[in-house]
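Structural overview for review
So you can see what is in the structure, the chains are spelled out below.
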Amino acid sequence: VQRAARGELIENFEEEVRFDGGASVFLLGNARPLLDADGRPRGAVAAFADISEQVRVRSALRDSEARLRLVTQSAKVGLVVVDLDYRYRFANQAY
């Protein structure tokens, strides 16, 4: 918000806010400068949305994908995924 107050448009930034006691939330924010009649920045307005759940889900998905990658790449048998058009979408090292 301070950058917006200096005249910079800030869009779609993610920020983790930590509270006393260890709790935290993840916010998605946008901020824009408030300009005076001469076009000079005189303040800012900002809006934030709590995206804590989305951040948690993204992290869980990354972890799950990493586990799947580890299992498929270390498998001793060949694993392959072919789509309906018979295009290979995945093949592990054993394949």
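See the structure shown above.
Keep in mind the model is a prediction, meaning the values are calculated, not measured.

1. A closer look at the pattern of salt bridges
Inspection of the entire model under this criterion finds 10 salt bridges. Notably, a salt bridge pairs D38 with R40, separated by 3.3 Å at the nearest N-O pair. By relative accessible area, R40 is classed as partly exposed at 42%. The salt bridge involving R89 is made with D83; its shortest N-O contact spans 3.0 Å. By relative accessible area, which is 54% here, R89 ends up exposed. On the basis of relative accessible area, D83 is assigned to the buried category, the value being 19%. Connected through salt bridges with shared partners, the residues D36, D38, R40 and R42 form a single ionic network.

2. Focus: the environment of A66
Within the fold, A66 resides in helix 2 (residues 52–74). Linking A66 and G78, residues 12 residues apart in sequence, is a C-alpha distance of 18 Å.

3. Observations concerning the side chain of N92
Relative to the assigned elements, N92 resides in the segment after strand 5 (88–91). Assessed through its relative accessible area of 5%, N92 is described here as buried. From its side chain, N92 meets the backbone oxygen of V77 in a polar contact 2.9 Å long. Polar contacts involving the side chain of N92 include one to the main-chain amide nitrogen of Y95, which spans 3.1 Å. Not counting the four nearest positions on each side in its chain, N92 is found in contact with T72, Q73, A75, V77, G78 and L79.

4. What to know about the packing of aromatic side chains
With the rule as written, the count across this model stands at 2 aromatic pairs. Here F13 and F48 contribute two aromatic rings whose centre-to-centre distance is 5.9 Å and whose plane-to-plane angle is 85°, an arrangement assigned as edge-to-face. Taken together, the positions of F13 in strand 1 (residues 10–18) and F48 in strand 3 (residues 41–50) put the pair 35 residues apart, joining distant regions of the chain. A relative accessible area of 46% places F48 in the partly exposed class.

5. Examining the pairing of strand 5
Here 3 bridges tie strand 4 (residues 80–82) to strand 5, and the two strands are oriented antiparallel to one another. Each residue of the ladder has a partner; that of V81, found in strand 5, is F90. Linking strand 4 back to strand 5 in an antiparallel pair, the connection comprises 5 residues, with Y86 at a positive phi of about 65°.

6. What to know about the sheet that holds strand 2 (residues 24–35)
In spatial order, the strands read 1-2-3; together these 3 strands make up an open sheet with antiparallel pairing. In this open sheet, the two strands that pair with only one neighbour each are strand 1 and strand 3. Neighbour-to-neighbour, the strand axes of this sheet turn through a mean angle of 35°, independent of strand direction. Looking at chain direction, strand 1 and strand 2 are connected through 7 bridges and run antiparallel. In the strand pairing of strand 2, I10 is matched with A31.

The rules behind each value
- Residues numbered from 1 in each chain as written.
- Predicted model: local features only at pLDDT ≥ 70, side-chain atom pairs only at ≥ 80, totals over all residues.
- Heavy atoms only, no water.
- Salt bridge = Lys/Arg side-chain N within 4 Å of Asp/Glu carboxyl O.
- Buried < 20%, exposed > 50% of the residue type's maximum accessible area, 1.4 Å probe, protein only.
- Helix = DSSP H or I, 4+ residues; strand = E, 2+ residues; numbered from the N terminus.
- Polar contact = N/O pair within 3.5 Å; in protein donor to acceptor, adjacent residues only side chain to side chain.
- Contact = heavy atoms within 4.5 Å.
- Phe/Tyr/Trp six-rings, centres within 6.5 Å; stacked < 30°, edge-to-face > 60°.
- Pairing = 2+ DSSP bridges.
- Axes fitted to C-alpha atoms, helices over the stretch in contact; angles between N-to-C directions.

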